[in-house]
Amino acid sequence: MDNVLQEIQFIEEVENNFNIYPLARARGVFRPRINTFAEFSEKEFIKRYRLKKHTFRYVLDLIKEDLRLQTYNSNNISPEMQLLIALRFFAKASYQTETGDLHGVSQASVSRIVLKVARALASRLPQFVNWPENFRELKRNFYNIRAFPGVVGCIDCTHIKIKNPDGRRPLLYCCRKGFYSLNVQVICDSNTRIMDIVTRWRGSVHDSRIFNNSRIKEDFESNLKQGILLGDSGYACTRYMLTPLLQPRTAAELRYNPAHKGTRVVIEHCFGRWKNMFKALRPNLETKLSTAKIIIVATAILYNIRLERDNNFEDDSSESDSDNDDQPIRPNPRNEQGNIFRRLFIQRYFGNNNR
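Residues numbered from 1 in each chain as written. Predicted model: local features only at pLDDT ≥ 70, side-chain atom pairs only at ≥ 80, totals over all residues. Heavy atoms only, no water.

A tally of regular secondary structure across the protein gives 14 helices and five strands. Counting contacts in the protein only where the partners sit at least 6 residues apart, residues at least 24 apart contribute 68% of the total. Counting every atom, the protein has about 19600 Å² of accessible surface; 48% of that belongs to carbon and sulfur. (Helix = DSSP H or I, 4+ residues; strand = E, 2+ residues; numbered from the N terminus. Contact = heavy atoms within 4.5 Å. Areas by Shrake-Rupley, 256 points an atom, 1.4 Å probe, with all protein chains shown as cover.)

What follows is the structure, encoded as structure tokens:
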């Protein structure tokens, strides 16, 4: 009994000591923040943040109200600094700690800011990722590439690497190449501008399934959109989706395939330019799965903004980007009408009398 009383007394003494000497709370460390507009030239600014200064100001004006903080102390992070931090993370694929060190904020702040900026941008998706009203001009611009008539867009999917998504079935996100990814469907115009994007599908899902379950397919099926999409052999051939011939034989078919390839290459250029502009899309996106989807949309919007506003758009590389993992659709009765349409299309536009 005495031993028990002694133990109780010892515990009380320990608790009293904690009350007398409470644990010290770590004080925040506020790092100096540089004035990037004054520090960097236009060229240096583009290299670090991927936008010209006037385009940066345009984006800032667009979302700054969404970025304003609700607290009011001297260490608030301004909307301008928040956008700079997010752009740096998107552009360089650097660790959040490194991005924070460069801008005088903590890693935790970088994480919150990246998500906040990405959400603010993604909420403007219909404003910047959309189809033009003038389909006639769209077709004319595609025709000027390789004289392929009727084209209104080029479609493909690209894998964006992500970290292990955890959850109950992470292998569903593992693509055929063996890494975790989101399979992102994009349709672009002749200038590589993104007109439509779908980011919700896991890496194990085939391109054709994504398209078959997309709103854009419904639009073409119901004639809300009229024209031709160019896709690779991973898609089924239809009256609005033309794919290359696997074994061209006639002279017309031998003219059709190079024209198809030479026109559809713009989607590969789109992926290459987009991923070169934002290097975060090339290695693993080291964020939560939900955040990764928002970042992908946000960078697509920024890509379109730069393409539209920075007249002298310079690529970091002439590299195209293609996953080259398309699986040809096997002939089946459901595709037969599409194959007939393609054969008649080739005879009409690529026959001897038309070339």
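Still to come is the rest of the account.
Scored by pLDDT, the protein has a mean of 85; 78% of the residues are at 70 or more. Considering only residues more than four positions removed or in separate chains, one finds that residues 1-12, a stretch of pLDDT under 50, has zero contacts. Within the model, pLDDT remains below 50 along residues 14-26, and this stretch shows zero contacts once partners closer than five positions in the same chain are excluded. (pLDDT = per-residue confidence, 0-100.)

The residue H260 is located in helix α12 (residues 251-277) in this model. Other than its neighbours up to four places away in sequence, H260 contacts F148, L230, G231, L242, T243 and P244.

Turning our attention to the sheet that holds strand β4 (residues 228-230). Spatially, β3-β2-β1-β4-β5 is the arrangement adopted by the five strands of the open sheet, whose pairing is mixed. Across the chains shown, the open sheet's two edge strands, defined by having one partner strand only, are β3 (194-202) and β5 (241-242). Across three bridges, the pairing between strand β1 (residues 151-161) and β4 is parallel. From the neighbouring strand, C154 faces β4, where its bridge partner is L230. Taken strand by strand, helix α9 (residues 135-146) contacts β1, β2 (181-188) and β3, and its axis lies near 75 degrees from that of β1. In this fold α12 packs onto β1, β2, β3, β4 and β5, with an angle of close to 45 degrees to the strand it touches most, β1. (Pairing = 2+ DSSP bridges. Axes fitted to C-alpha atoms, helices over the stretch in contact; angles between N-to-C directions.)

Next up on the list: the packing of α12 against helix α13 (residues 289-309). The N-to-C vectors of α12 and α13 enclose an angle of 105 degrees; their axes lie 10 Å apart at closest approach. Comparing the axis directions of α12 and α13 gives the class roughly perpendicular. Note on element contacts: α13 touches α12 through I296, T299, A300, L302, Y303, R306 and L307, opposite C270, R273, W274 and M277. A breakdown of the residues in the contact of α12 with α13 according to their chemical character gives eight nonpolar, one polar and two charged. (Parallel < 35°, antiparallel > 145°, perpendicular 65-115°, else oblique. Nonpolar A, V, L, I, M, F, W, Y, C, P; charged D, E, K, R; others polar.)

Right, let's get into the packing of aromatic side chains. Taken as a whole and assessed by the stated rule, the structure comprises 16 aromatic pairs. An angle of 50 degrees between the planes, with centres 4.8 Å apart, marks the rings of F345 and Y349 as tilted. Placement of both F345 and Y349 in helix α14 (residues 333-350) is noted, with a separation of four residues, approximately one turn of the helix. The exposure class assigned to F345 is buried, which follows from its relative accessible area of 7%. Here the aromatic cluster, defined as three or more aromatic residues joined through ring pairs, consists of W131, F135, F211, F220, Y235 and Y240. One cation-aromatic arrangement involves R48 over F40; the distance from NZ or CZ to the ring centre is 4.2 Å. (Phe/Tyr/Trp six-rings, centres within 6.5 Å; stacked < 30°, edge-to-face > 60°. Buried < 20%, exposed > 50% of the residue type's maximum accessible area, 1.4 Å probe, protein only. Lys NZ or Arg CZ within 6 Å of the ring centre and 35° of its normal.)

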